[in-house]
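A structural walkthrough
So you can see what is in the structure, the chains are spelled out below.
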Amino acid sequence: MKPHQLRIEAFGPYAEPVEIGFDALSQEGLFLIHGTTGAGKTFLLDALCFALYGEVSGDRSVKALKSDHAEPAAVPRVSLEFSSGGTRYRVERSPAYTALKTRGEGTTEKAPQAVLFRLLGADWEPIASRTTEVTREVQGLVGLDAPQFRQVILLPQGKFAEVLRARAEEREALLKTLFDTVIYEQAGRWLEERAKAARTEVAEQNRAQEVLRRQAAHEWNPYAIEPVEAPGDQAGLDQLVEQIAAVVAGTQRALKQASTGLDSAQKAKAATDQLADRWDRRAAATSRLMELEAKHEVVEDFRQRLSKAERAEILRPSLEAERTAREDLSALQAAVKGQLLGANRARDAAQSLPVSVVLLDLMALPSLEELAGARNDLAARRAEVDALVNQAIKASEARTRATTASALASRAEERLSSSTAARESRQQARQAAGAAFIQACSARDQLDGLRRAAQQALDCALAVEALGPARQRENESMAAKADADGRLHQAHAVLLDLQRRQIAGMAARLARGLEPGAPCPVCGSAHHPAPAQPLEDAVSDDAITAAEHELSAATGAAQQAAVAVEKVQGVRKALMEKAGAAASDPERARGAAQKADEALAAAKALAERVSSLEQAISDHDQALQTLQQSIQAASTEQAMQARAAAEETQRAQTLSADIARELGDGVDPRLVLKSFEPLEVALKTLSKSCEASARSSAGLELASTRLARDLAESDFADGQAVEAALKEERVRQHWAQRIRAFETDVIELRGLLASPDLTDLPEQRPDTMAAQEVVVAADAARTGAVERHSEARGAQTEIERLGREHRAGAGELASRRERAQLLSAVADRCCGRAAPFISLQRWVLSAYLADICRYANHRLELMTSGRYQLRLTDEGGRGGRQAGLGLRVLDAYTGEEREVSSLSGGETFQASLALALGVADTVQAHSGGVHLEALFIDEGFGTLDPDNLQLAMDELDRLREGGRMIGIISHVGALKERIRYGIEVLSSDQGSRVQLGTNALA
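Each chain carries its own residue numbering, running from 1 in the direction its sequence is written. Since the coordinates come from a predicted model, pLDDT governs what is reported: local features require at least 70, and pairs of side-chain atoms require 80 or more to be given and counted, while whole-chain, interface and lining totals use all residues. Excluded from the side-chain calculation are hydrogens and water; included are all heavy atoms of the structure.

Comments concerning a nonpolar patch on the surface
- On the surface, Val 355, Val 358 and Leu 359 cluster together into a nonpolar patch covering about 320 Å² of accessible area.
- Along the chain, Leu 359 turns up in the loop between helix H11 (355-358) and helix H12 (368-445). Any residue with relative accessible area above 30% and no salt bridge may belong to a patch, with like charges joined within 9 Å and the nonpolar Val, Leu, Ile, Met, Phe, Trp and Tyr side chains within 5 Å. The Shrake-Rupley method, run with a 1.4 Å probe sphere, supplies the accessible areas, and residue values consider only the shown protein chains as cover. Any Lys or Arg side-chain nitrogen found within 4 Å of a carboxyl oxygen on Asp or Glu counts as a salt bridge. Under the scheme used here, helices are H or I runs from DSSP no shorter than 4 residues and strands are E runs no shorter than 2 residues, and both carry numbers assigned from the N terminus.

Here's what the structure looks like:
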């Protein structure tokens, strides 16, 4: 992967658009990124990493990447053009950020966005448009994920210095962030969990076996002479099985004896019960026979009364026929009297009757011919009145239609009035809405100007409020700068004094190195008559170094204080510009901001009504058109309904006059017709009664003749004697049943007492209670034997089951114990608790570290002229928690290995740079041979002396000659002389900007 062009806008410290062409910078393969502290040098690498993966390097958060210096409406964007596999791509990303709402007030959260393009000819073709898809495609093109990219291409020097100097346990934690070895740590934990689970299963199985043995002892204890402890093994369980079998055999024999005794007692009780039953049946039969013989006279009386009732039953049909005929005739005569009275009342209530009906005599039952004539005349009159009813209905319908038409005409008149009033009201509302619409449009046109005025007034007010704290910060920063300058002057004076004193004592230092006969390094003489003696206040190199460090720190602090003063002064000046003439009058600024805000709010309220007022005007116009149509329709309908009402009223009057000529004024033909109905029914009923009376008289005469004939042939004197002798069927049946039952019972009892089964019986009844007590005692004995045998059998079944489960569990326990031992051994080995006492993860990390050292030593030997090599040691020793992760340095000058902490600052940078490049080579090698054409190194060159700086630059030149583009982030001024091209990052209160090319390094 090789970057070509990076574009940044509203991103981090860069408010304005920034464009960096890496092709121009990499013409010589090496370029420098420099600038003041905090200007945003490293943020360029963050933008590069974010464009590819949507992440930033270091500890920054992707949730706050929008530039604080950018305009509120600005959109943060990063775009990177790069090539991979001979094809050119462009990736564009925008992070999540908070933006102003396009409508109304307030803010809204914008989601991150990403698009990946591929260059085909002269056109960019989109490949992916979702953030996850873009990241996945980039990983496939580059061949690295985000952490690997930061390890291989963006080299943060401090991290590798930490790896170099850290203790073994710290180095392990750091290496875990560089290489993904979590799976090996998880494998160790997984094995440990499996081993622990296996050991738990063994313990649980042991407990389960012990529980089985305890349960077996608990089952056996009720049958043991003395309580026993739980068996310790399978042999003890087998012994309990044999003992409980002997107990079961004994209970089975006792059960058999108890069953035999119960059978004998039950047979004896059955014989006694049978004899007592025969004795009881004889006593009951004797007592019952004596009771029946005492009722013989009553039964004879029932027999005589039953015979008389059966003879009278023969005459019942004749007697009942004569009585029924007389009763029917009497009831018919009474009904005719009521019918005549009702017919008279019905005739009196009727109107317009025929003459024949009026003259009909209804004081007595008329003849059938008279009734038929009156009914025919009344039917003819009904037909005439029915025609008049039809005319009355038509007249009523005409009046109803006239009334309906009048009501419709009135409602149409009301609609006409209401629609006319509504049209006038709607026209007034239409005029008011038009005026409001013109006012709202005017307010909408003024919104932009009012919004700018409100924002300017608000900015002015805020600036006025912030002026006081800004002045205070300016005073504080100037005071801090003065203090820092004072410390700088003091440190510089101390260093000069120490250097002066060291130079003064330099002769004594040279004198310590003089040897007899050896030439003096100053004068060349082999004689040393008076070597200089050390002064009491001689200054060592360490003191000089400490003073230089103090001066460097003071210089940095003074520079930072100066930058801080410039920054706060810039902020104060910017606030003064925004405050303008109101800088000295906060109340005035606040009042102006409030008035501008109120004017803007009022204009917004009016502008928001434009759409609703426009719609209201349209609604008013449509409503006016509808009202006009309604007025026309109501006027037409009112005229039509009024004419229809007059026509129907004239028709109803004509029909009513015809009815009055026939029946008289005020007579309703429907009432006349209704008054005929009761009279018609009464006449019809009288006709039927006349026919029924003739039939009833003939029937009574026949029934009386038959009864007289039947009485003459019987032994009854008259009908009353027959009535007295007659009885209901159920009474006669009851008497017959009692007589038959008496005779049957007497016969059966006499036969029963004469049977052989009830002869030869003792005088006293046999004692059945004694036999029952013997059976109860025998049954209780057998029940107890059954319970004891059942309990023993249950205990035997349970002990045998427990023995079988214990035998099966013993085999399973052995298998689980073997598996637990195997898993524990593997877990101990992978977790470093067994020889060679190094965990699986640390073994893998040690292998990575060995590869890193191998790659690093190739470069370290060149940078140190073959003096130093990094060596991997087994720090921690046997059983050490960090065994296999120790680092030492081999010094070729002495041939000894020593701690890496003994390296000087420049040597540490050389070693850490070599280590960082070794990590890059290792990750690249383990990523399938991915070809990487770019490398960025962040800081660290300031610790090198000129010679070692030259060696480091030589190594970077070798990397450049291999085709890589190398960017260096550094404050070291000497690098500007060695590197021709670069990027200078300049900061201000408006955000950072960059300058590219040779002019940026001047």
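Now that the structure has been shown, the text picks up again.
Here's the deal with the sheet that holds strand E13 (residues 896-899)
- Strands are labelled as partners when DSSP assigns at least two bridges between them. A sheet is described by the order of its strands in space; here three strands give the open sequence E11-E12-E13, paired in antiparallel fashion. With one partner strand each, in any of the chains shown, strand E11 (868-873) and E13 form the two edges of the open sheet. If you compare each strand with its neighbour and ignore which way they point, the axes differ by 40 degrees on average.
- The sheet contact formed by strand E12 (residues 886-891) and E13 spans four bridges and is antiparallel. Each bridged residue has a counterpart across the sheet, and for Val 889 the counterpart in E13 is Arg 898.
- Throughout, a contact is declared for two residues whenever any of their heavy atoms are within 4.5 Å. As a rule, the C-alpha atoms of each element are fitted with a line to give its axis, helices using only the stretch in contact, and angles between N-to-C directions run from 0 to 180 degrees. Along the sheet face, helix H22 (residues 840-863) touches E11 and E12 and points at about 170 degrees away from the line of E11.

Considerations on the side chain of Asp 891
- Turning to its location among the elements, Asp 891 is positioned in strand E12.
- Residues adjacent in sequence count toward polar contacts only when both atoms are side-chain atoms; beyond that, a polar contact is any pair of N or O atoms within 3.5 Å, and within protein one must be able to donate a hydrogen and the other to accept it. One polar contact links the side chain of Asp 891 to the main-chain amide nitrogen of Tyr 893, over a distance of 3.0 Å.
- Look past the residues within four positions of Asp 891 in its chain and what remains in contact with it is Arg 867, Tyr 868, Glu 896 and Arg 898.

A closer look at the environment of Ala 564
- Along the polypeptide, Ala 564 turns up in helix H15 (residues 541-579).
- Exposure remark for Ala 564: the relative accessible area of 32% places this residue in the partly exposed category. Under the scheme applied here, a residue whose accessible area is under 20% of the maximum for its type counts as buried, over 50% as exposed, and between as partly exposed, the area being computed with a 1.4 Å probe on protein chains only.

Regarding the environment of Glu 787
- Position of Glu 787 relative to the elements: it lies in helix H21 (residues 768-830).
- Sequence separation between Glu 787 and Leu 255 is 532 residues; the distance between their C-alpha atoms is 9.2 Å.

Focus: the pairing of strand E14 (residues 934-938)
- Within E14, five of the five residues are buried, which leaves the element mostly enclosed by the surrounding structure.
- Judged by which residues are buried, E14 turns out to be covered on both faces: Ala 934, Phe 936 and Asp 938 on one side and Leu 935 and Ile 937 on the other are all buried.

Some thoughts on the nonpolar core
- If you look at the biggest cluster of nonpolar residues, it comprises 86 residues, and the most contacted ones within it are Phe 31, Leu 52, Tyr 53, Phe 149, Phe 936 and Ile 983.
- The dominant element in this core, judged by the number of residues it contributes, is helix H2 (residues 41-53), at 10 residues.
- Residue types Ala, Val, Leu, Ile, Met, Phe, Trp, Tyr and Cys, when buried and joined through side-chain atoms within 4.5 Å, form a set referred to as a nonpolar core. Counting residues in hydrophobic clusters, the runner-up holds 27 residues, among them Ala 343, Ala 374, Leu 388 and Phe 676.

Focus on the pairing of strand E9 (residues 123-128)
- Of the pairings in the sheet, the one linking strand E8 (residues 113-120) to E9 comprises five bridges and is antiparallel in character. Bridge assignment links Leu 116 to a residue of E9, and that residue is Ala 128.
- Adjacent in sequence and paired antiparallel, E8 and E9 are bridged by two residues, among which Gly 121 carries a positive phi angle near 70 degrees.

Examining unusual backbone geometry
- Within the chain, Ala 10 stands out as a residue other than glycine whose phi angle is a positive 55 degrees.
- Looking at where Ala 10 falls in the secondary structure, it is placed in the loop between strand E1 (2-9) and strand E2 (18-21).
- Take Ala 10: its relative accessible area is 0%, and that puts it in the buried class.
- With phi around 55 degrees, Ser 865 is a residue other than glycine that occupies positive phi space.
- Looking at the secondary structure, you find Ser 865 in the loop between H22 and E11.
- A relative accessible area of 55% places Ser 865 in the exposed class.

Details of H2
- For H2, which comprises 13 residues, the first-to-last C-alpha distance of 19 Å matches the rise-based estimate of 18 Å (1.5 Å per residue) to within 8%.
- A large share of H2 lies buried, amounting to 12 of its 13 residues.
- Looking at H2, one finds that the buried residues are Lys 41, Phe 43, Leu 44, Leu 45, Asp 46, Ala 47, Leu 48, Cys 49, Phe 50, Ala 51, Leu 52 and Tyr 53.
- Remark: Gly 54 follows H2 within two positions and exhibits a positive phi of approximately 75 degrees. The span expected for a helix works out to 1.5 Å for each residue beyond the first.

A few points about the sheet that holds E1
- Judged by pairing direction, the sheet is antiparallel, and its six strands sit side by side in the order E2-E1-E4-E5-E8-E9 without closing on themselves. Each edge of the sheet is formed by a strand with only one pairing partner; in this case those strands are E2 and E9. Between one strand axis and the next, the sheet turns by 20 degrees as a mean value, whatever way the strands run.
- Packed on one face of the sheet, helix H3 (residues 131-142) meets strand E4 (77-84), strand E5 (87-94), E8 and E9 and runs near 45 degrees to E8.

Comments concerning the packing of aromatic side chains
- Classification of ring pairs uses Phe, Tyr and Trp, with its six-membered ring standing for Trp, and accepts pairs whose centres are within 6.5 Å; under 30 degrees between planes counts as stacked, over 60 as edge-to-face, and the remaining range as tilted. Tallied over the full model, the rule gives five aromatic pairs.
- Measuring from ring centre to ring centre gives 5.5 Å for Phe 11 and Phe 43, while their planes differ by 70 degrees; the resulting arrangement is edge-to-face. Within this pair, whereas Phe 11 is found in the loop between E1 and E2, its partner Phe 43 is found in helix H2, the two being separated by 32 residues in sequence. Taken as a pair, Phe 11 and Phe 43 share a single burial class, namely buried.
- Summarising the aromatic geometry, the rings of Phe 22 and Phe 31 are spaced 6.2 Å apart at their centres and angled 50 degrees between planes, so their arrangement reads as tilted.

Considerations on the confidence of the model for the protein chain
- Per-residue confidence from the predictor is reported as pLDDT, a score between 0 and 100. For the protein chain, mean pLDDT is 79; residues scoring 70 or higher make up 89% of the total.
- Mean pLDDT in the protein chain bottoms out at helix H14 (residues 506-512), which sits at 61, and peaks at E5, which reaches 93.
- Here residues 876-881 is modelled with pLDDT under 50, and outside its nearest four sequence neighbours on either side it reaches six contacts, counting other chains as well.

A short note on the pattern of salt bridges
- For the structure on display, the rule yields 24 salt bridges.
- A salt bridge links Arg 401 to Glu 648, with the nearest nitrogen and oxygen atoms 3.1 Å apart. Separated by 247 residues along the polypeptide, Arg 401 in helix H12 and Glu 648 in helix H17 (residues 610-663) bring together distant segments of the chain.
- Assessed through its relative accessible area of 36%, Arg 401 is described here as partly exposed.
- Between Asp 891 and Arg 898 there is a salt bridge whose closest N-O contact spans 3.3 Å.
- By relative accessible area, which is 22% here, Arg 898 ends up partly exposed.
- The structure contains a network of salt bridges with shared partners spanning Arg 7, Glu 19, Glu 81 and Arg 88.

So, the packing of helix H8 (residues 234-293) against helix H20 (residues 729-753)
- Contact geometry of H8 with H20 gives a least axis separation of 9 Å together with a crossing angle of 145 degrees. Read as a crossing pair, H8 and H20 show a hand that is left-handed. Contacts between H8 and H20 pair Arg 282, Ala 285, Thr 286, Arg 288, Leu 289, Leu 292 and Glu 293 from the former with Phe 742, Asp 745, Val 746, Leu 749, Arg 750, Leu 752 and Leu 753 from the latter.
- Residues are grouped as follows: Ala, Val, Leu, Ile, Met, Phe, Trp, Tyr, Cys and Pro are nonpolar; Asp, Glu, Lys and Arg are charged; all remaining types, including Gly, are polar. Of the residues that constitute the contact of H8 with H20, the class distribution is eight nonpolar, one polar and five charged. Working rule for handedness: look at the near helix, and if it is turned counterclockwise from the far one by less than a right angle, call the crossing left-handed; if clockwise, right-handed.

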